[in-house]
Amino acid sequence: MIEKLVETVNGWLWSPFLIAFIVCCGLYFSIRTRFLQIRHVKEMIRLVTTGKGSEAGVSSFQALTMSLSGRIGVGNVAGTATGIAYGGPGAVFWMWVITFIGAATAYVESTLAQIYKEEQDGQYRGGPAFYIEKGFGWKWFAVVIAGAIILSMAVLMPGIQANSIADGFSNAFGIPKLVTGIFVIAVLGFTIFGGVKRIAKTAEIVVPFMAVGYLLVAIAIIAANIEKVPDVFGLIFKSAFGADQVFGGILGSAVMWGVKRGLYANEAGQGTGAHPAAAAEVSHPAKQGLVQAFSIYLDVFLVVTATALMILFTNQYNVINEKTKEPIVVNLEGVEPGAGYTQAAVDTLFPGFGSAFIAIALFFFAFTTMYAYYYIAETNLAYLVRGEKRGTAFFALKVIFLAATFYGTVKTATTAWAMGDIGLGIMVWLNLIAILLLFKPAYIALKDYEEQLKQGKDPEFNASKYGIKNATFWENGYTRVDEKKEQAL
């Protein structure tokens, strides 16, 4: 009964209308910003390595790793595999497409988060709820999206991450899921009770480490199968347009699953990346917008692509017609769509090593994603609850989040993914409508940033200059929060 309801709701949310809406919004933002995702790549890279944190805000690099800890998760390993399983190799191409145009979307939502951020209890807070209320004055809409994000981040989506950790450890080491669940919530609880600074510090260390290790294994597998490069890329492109004889009949699924799993991995348009973007200490909102646009390149064009190529180069995948449930390709008898494809791919080059390596990689990917999920849920709760009740509300959120994470270790993978897709769909619908209507301030910020760069300046933003209302942090220009305190003394 519950599984049927979840499947029905998922079908409503992820209709072809949502896919078309996502693509059209990304194209609109790309055209209006003159494809900033191409023009400003050099500037994006420069910004990642510059800037310092403050008492209230994290550095640009920490904000990048916080967002990457949310973007680089189970979707990059198991999600990519399920995309191939139901959309065929062509789904990989559509993951790339939605990421390219999604970079402009990521810029818009992250810049808006910076423009309308607040300082609360000594920390910067911001995100969709903040820019909706301040940009539109629509308090009801802001409350709805804040509630939807809390529901998605704290209840619906942690189960995917926890379930994948438990499955990976069970398959690789034979560890009971109950034991894995207790271990995960113990370590996770230690971190989330430490606050946003601890989350940022953890992400700063773990994210680069886990990504580099994963990429090195992928490079080794690709190098061992280097002669297959023309065939594999030819298969991806032909399948993406229905030109391949085997996969021509599932062109619609290739597009649908490519966009869905690409969006799950890169998170552009969800509003999730806007939360760590708002936490950054920068002199101009566009700086963090560009950094976050770059983060989805790192996420998909490196990690997701590495997963896809490992699977396709080694032929360790099955493809299923989603409508008829009939198999199209069967290379792994009895293996369910998911991380098992990647484990089998690594085993082709490193026999007996694949299951253990992917289980450990999944642990790091999923763990840091759950850190990001909690931070996002807490930020939205901070928007909804003010004053003395906030401490109690935060404590309750931590308990609910840990309970949902633990429950995720015993749910079926199918139900976990379906519930996660519901949470994703809700956030995408609400946030895309908001940033489409509120595009102008993000566009103004980009033009201002580019003009100051041409003048050889380190850009600083002044919202009052452009008549942007309710951007309280920027209304008198930029001053670091610790400098404000010194001036007050």
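This one's a predicted model, so the numbers in the text were calculated from it and none came from an experiment.

Before going further, it helps to spend a moment on the confidence of the model for the protein chain. Looking at the protein chain, pLDDT values average 85 and 90% of them are 70 or higher. When the elements of the protein chain are averaged for pLDDT, helix α22 (residues 481–488) gives the smallest value, 50, and helix α21 (residues 439–454) the largest, 96.

Here we take up the packing of helix α7 (residues 90–115) against helix α14 (residues 251–266). Contact geometry of α7 with α14 gives a least axis separation of 7 Å together with a crossing angle of 50 degrees. In terms of axis orientation, α7 runs oblique to α14. Read as a crossing pair, α7 and α14 show a hand that is right-handed. Here G90, A91, W94, M95, I98 and T99 of α7 lie close against α14, whose contacting residues are A254, V255, G258, V259, R261, G262, L263 and N266. Looking at the contact of α7 with α14, its residues break down into eight nonpolar, five polar and one charged.

Right, let's talk about unusual backbone geometry for a bit. In the Ramachandran plot, K325 falls in the positive-phi region, its phi being about 65 degrees despite a non-glycine side chain. Looking at the element boundaries, K325 is found in the loop between β3 (318–320) and β4 (327–330). Residue classification places K325 among the exposed residues on the basis of a relative accessible area of 61%. The phi torsion at N470 lies on the positive side, around 70 degrees, for a residue other than glycine. Tracing the backbone shows N470 in the loop between α21 and α22. Assessed through its relative accessible area of 44%, N470 is described here as partly exposed.

Let's shift gears to the environment of A277. Position of A277 relative to the elements: it lies in helix α15 (residues 274–278). Residue A277 is classed as buried on the basis of its relative accessible area of 0%. Remark: the alpha-carbon pair of A277 and L112, spanning 165 residues in sequence, is separated by 9.3 Å. Those residues within four positions of A277 in sequence are excluded, and the remaining contacts are S110, Q114, Q288 and Q292.

Attention now goes to the packing of aromatic side chains. Scanning the entire structure with this criterion turns up 33 aromatic pairs. Arranged with centres 6.3 Å apart and planes meeting at 25 degrees, the rings of W96 and F233 form a pair that is stacked. In this pair, W96 sits in helix α7 while F233 sits in helix α13 (residues 229–240), placing the two residues 137 residues apart along the sequence. With relative accessibility at 28%, the residue F233 sits in the partly exposed group.

Turning next to α13. Over its 12 residues, α13 extends 17 Å from the first C-alpha to the last, a length consistent with the 16 Å expected when each residue adds 1.5 Å. Among the residues of α13, those classed as buried are V232, L235, I236, S239 and A240. Burial along α13 is one-sided: seen end-on, the buried residues are contained in an arc of 120 degrees. Projecting away from the buried face of α13 at angles above 90 degrees are the exposed residues P230 and D231. On its buried face, α13 is in contact with α7, α14 and α16 (285–313).

In this section: empty space enclosed by the protein. Summed over the entire model, instances satisfying the criterion amount to four cavities of 30 Å³ or more. Each pocket or cavity is described by its volume, and for the largest cavity that value is around 80 Å³. Residue assignment for the lining of the largest cavity shows that the elements contributing at least two residues are α2 (16–32), α7, α14 and α20 (413–437). Per-element tally for the lining of the largest cavity: the top contributor is α7, with four residues. Across the lining of the largest cavity, the residue classes tally to seven nonpolar, five polar and no charged.

Right, let's talk about the pattern of salt bridges for a bit. In the structure shown here, the tally under the stated rule is nine salt bridges. Salt bridges here are not isolated pairs; linked through shared partners, they connect R34, R39 and E450.

With respect to the element layout, E109 can be found in helix α7. Given the relative accessible area of 0%, E109 is considered buried. Between the alpha carbons of E109 and Q270 there is a distance of 8.8 Å; along the sequence they are 161 residues apart. Those residues in contact with E109 that lie beyond four places of it in its chain are Y131, E267, A268, G269, Q270, G271, A274, N431 and I435.

With that settled, the discussion passes to the side chain of T342. Note that T342 resides in helix α17 (residues 339–349). Assessed through its relative accessible area of 0%, T342 is described here as buried. When sequence neighbours within four positions are dropped, the list of residues in contact with T342 reads V77, Y214, T307, M310, I311 and I358.

What follows is about α14. With 16 residues, α14 extends 22 Å from end C-alpha to end C-alpha; this agrees with the ideal 22 Å at 1.5 Å per step. Where burial is concerned, most of α14 is hidden: 13 out of the 16 residues are buried. At the C-terminal side of α14, E267 shows a positive phi close to 65 degrees.

Turning next to the nonpolar core. Ranked by size, the top nonpolar core spans 127 residues in total, and within it I22, Y107, Y131 and Y214 carry the most contacts. With 19 residues, the top contributor of residues to this core is helix α18 (residues 354–384). Apart from the residues lying within four places of it in its own chain, the contact partners of Y131 are E109, L112, A113, Y116, F136, A274, N431, I435 and L438. If you look at the next biggest cluster of nonpolar residues, it comprises 30 residues, including I84, W94, A254 and Y341.

So, how was this worked out
- Residues numbered from 1 in each chain as written.
- Predicted model: local features only at pLDDT ≥ 70, side-chain atom pairs only at ≥ 80, totals over all residues.
- Heavy atoms only, no water.
- pLDDT = per-residue confidence, 0-100.
- Helix = DSSP H or I, 4+ residues; strand = E, 2+ residues; numbered from the N terminus.
- Axes fitted to C-alpha atoms, helices over the stretch in contact; angles between N-to-C directions.
- Parallel < 35°, antiparallel > 145°, perpendicular 65-115°, else oblique.
- Left-handed = near helix turned anticlockwise from the far one by under 90°.
- Contact = heavy atoms within 4.5 Å.
- Nonpolar A, V, L, I, M, F, W, Y, C, P; charged D, E, K, R; others polar.
- Buried < 20%, exposed > 50% of the residue type's maximum accessible area, 1.4 Å probe, protein only.
- Phe/Tyr/Trp six-rings, centres within 6.5 Å; stacked < 30°, edge-to-face > 60°.
- Expected span 1.5 Å × (residues − 1).
- Arc of directions from axis to C-beta.
- 1 Å grid on protein atoms, 1.4 Å probe; cavity = no way out; pocket = protein on both sides within 12 Å on 5 of 7 lines; lining within 4 Å.
- Points joined across faces, edges and corners; volume = space filled by probe spheres on them.
- Salt bridge = Lys/Arg side-chain N within 4 Å of Asp/Glu carboxyl O.
- Core = buried A, V, L, I, M, F, W, Y, C linked by side-chain atoms within 4.5 Å.

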